[in-house]
Amino acid sequence: MDAEILKPSCMLALMLMIIGCASAETTARRSDAHIEPTVSVVQQGEETTLADELLADDVTHVLRVSGQESAGQTSTPTPAEKLAGSTFLPPPATPDAPEAIKINKDLDAVGEPLTLDLLEALACQNNPTLLQAQAQIQGELGKAIQAGLWPNPRLSYVQEQIGVAGTAGEFVGGTVQQRIVTGRKLDLSRAKYLAMTRAAEWHALQQQYRVLNDVRSHYFRTRGNYELVQIHRELLKIAEDKVLTTREQYNVGQASRVDVHMANVSLQQSRLVLLQRENDYHQSFETLAALVGTNLPLTPMATGIEGDLTPIDYQEVRLRLLTESPQIQAARQKLESDRITVRRETVQPIPDIVFEGGVGHNYESPDTVATARIGIDVPIFDWNQGTIRQAEADYSRQQGEVRRVELLLQQDLAHTYRDYLNALQHATNYAEIIVPEAAAAYELQLRSYDEDRIAWPEVLKTQEEYFKLKSQYVQHLTAWRESEVLIIGYLLHGGLQTPPTPIPPGHIDSVAKPR
């Protein structure tokens, strides 16, 4: 009875010993395959089938040993059993790099670095919108000059009663007619357009801020993209090192084919991210050249993106924006122009005086005679009531426009200052804590590797994380620079947009002679 109970236990122990021996034999085979690799010619379509057979070899061998040998039967080795230990499967091939990576090597910056001051000077000289803004000033000034000019006199040749009593006429001579403008109409018209000229000057200053802010923002963006390209080139080297390390681990049995495939995926992803960064750098540089208004060779930026991370006070910026910004000043000058327009249209019904006088000869009674005439327009039906109403409506609308611009600037400042604070806080913490801590961790990992305390993949992992944090740090610095430029530059951007024009609505300014 005891022998019958012990018999299954012995059989179980025997089976476990056989399984252990089979596993040890398989390990020894893989180790021998690495030491003396015999690479067989395997077709691409058969590689997976053979690998599956080799992976299932241990299980099949154990089942046969435990099943057949326990029954005293001898098993016949399968083809997979015969190949195991004599065939080595090479690791998956590393994918080729995209052709664009080779093309984008031309993006490497060469030549003398470009300074921000130089690009700003070039933009002021070559950007066409600044010339347009100056032309608008001259146009408004021309209106002011024209609106204040006196009407020209009229010279007339007069010959009346031609043929009376066989003579040339009762009056043959010349007359002069002059309109005398009353009610200070000319002075008010000139003052109105002088106010519009000042509004055009504020619009020109506004356009100058747009151009310079865009130049500065894209300058720092270009510099940031260039640094990101350098960082992602280092990340690509790490990805290539990972592929090489994983293949070496595969050769010694410390990594599977799945690990090699995933390393290839990471390598290709790093290549694509680098391509994206290089494309961003090229695009930002070409945009900067367009804003400057001239063709520029691909040249590095001299000024770095790092700077003083002292925060800007929100209340000071808000007060400065609402009192000094060109947008507010232009709207207020337009309001002053509309106020003068109301006064100008109010005095329009005051009739002008038209003087006419002349000297001639009366051929009927041969005498030298003179003529004189004075006339006025009597405002009975038309006393400019419709235009006065329109001018008052324009003035009320512009009052609301001033308030709307103030509120819009406050809203835009709130959004921009939020982005500025987020970027500033992240950049400060990355500069003071995160990047230095990651660098310290990387240095410790290198020392540990030199002392043979950790494996190289652990160092690669820490190194990759360090460069990724540096990439995030550069992105936060770029966002901080761009937000800072907008806040200091009155939130103005769009250096190639058409400059705004201070043309008031309605038909008041559409007459032949502006008033």
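Residues numbered from 1 in each chain as written. Predicted model: local features only at pLDDT ≥ 70, side-chain atom pairs only at ≥ 80, totals over all residues. Heavy atoms only, no water.

## What about the overall build of the chain?
Then, number 1: Scanning the chain for helices and strands turns up 13 helices and four strands.
Then, number 2: The burial tally for the chain puts 38% of its 515 residues in the buried class.
Then, number 3: If you take every contact in the chain between residues at least 6 apart in sequence, the share linking residues at least 24 apart comes to 83%. (Helix = DSSP H or I, 4+ residues; strand = E, 2+ residues; numbered from the N terminus. Buried < 20%, exposed > 50% of the residue type's maximum accessible area, 1.4 Å probe, protein only. Contact = heavy atoms within 4.5 Å.)

## Thoughts on the environment of Ala-289
Then, number 1: Inspection of the secondary structure assignment puts Ala-289 in helix H9 (residues 257-292).
Then, number 2: In sequence terms Ala-289 and Leu-122 are 167 residues apart; their C-alpha atoms lie 9.8 Å from each other.
Then, number 3: Sequence-distant contacts of Ala-289, defined by excluding residues within four places in its chain, comprise Thr-294 and Leu-296.

## Thoughts on the nonpolar core
Then, number 1: If you look at the biggest cluster of nonpolar residues, it comprises 61 residues, and the most contacted ones within it are Leu-119, Val-215, Tyr-219, Leu-288 and Leu-409.
Then, number 2: Counting only elements with at least two residues in this core, the list comes to helix H6 (116-126), helix H8 (185-251), H9, helix H10 (314-324), helix H11 (326-346), helix H12 (385-450) and helix H13 (456-488).
Then, number 3: Those residues within four positions of Leu-409 in sequence are excluded, and the remaining contacts are Leu-321, Leu-322, Ser-325, Gln-327, Ile-328 and Leu-491. (Core = buried A, V, L, I, M, F, W, Y, C linked by side-chain atoms within 4.5 Å.)

## Some words on the environment of Arg-210
Then, number 1: With respect to the secondary-structure elements, Arg-210 resides in helix H8.
Then, number 2: The buried category is assigned to Arg-210, whose relative accessible area is 15%.
Then, number 3: Distance from Arg-210 to Leu-491, taken between C-alpha atoms, is 8.5 Å for residues 281 residues apart in sequence.
Then, number 4: Those residues in contact with Arg-210, other than ones at most four positions away along the chain, are Leu-492, His-493, Gly-494, Gly-495 and Gln-497.
Then, number 5: Side-chain polar atoms of Arg-210 contact the backbone oxygen of His-493, separated by 2.8 Å. (Polar contact = N/O pair within 3.5 Å; in protein donor to acceptor, adjacent residues only side chain to side chain.)

## Brief notes about the sheet that holds strand E3 (residues 353-362)
Then, number 1: Spatial strand order, E1-E2-E3-E4: four strands in an open sheet with antiparallel pairing. The strands lining the two open edges of the sheet, one partner per strand, are strand E1 (154-160) and strand E4 (367-376). Averaged over all pairs of adjacent strands, the angle between strand axes in this sheet comes to 20 degrees, irrespective of strand direction.
Then, number 2: Pairing of E3 with E4, which is carried by ten bridges, proceeds in the antiparallel orientation. The partner of Gly-360 across the bridge, within E4, is Val-369. (Pairing = 2+ DSSP bridges. Axes fitted to C-alpha atoms, helices over the stretch in contact; angles between N-to-C directions.)

## Some points on the pattern of salt bridges
Then, number 1: Following the criterion strictly, the structure yields 22 salt bridges and no others.
Then, number 2: Overlapping salt bridges bring together Arg-179, Lys-185 and Asp-352 as one network. (Salt bridge = Lys/Arg side-chain N within 4 Å of Asp/Glu carboxyl O.)

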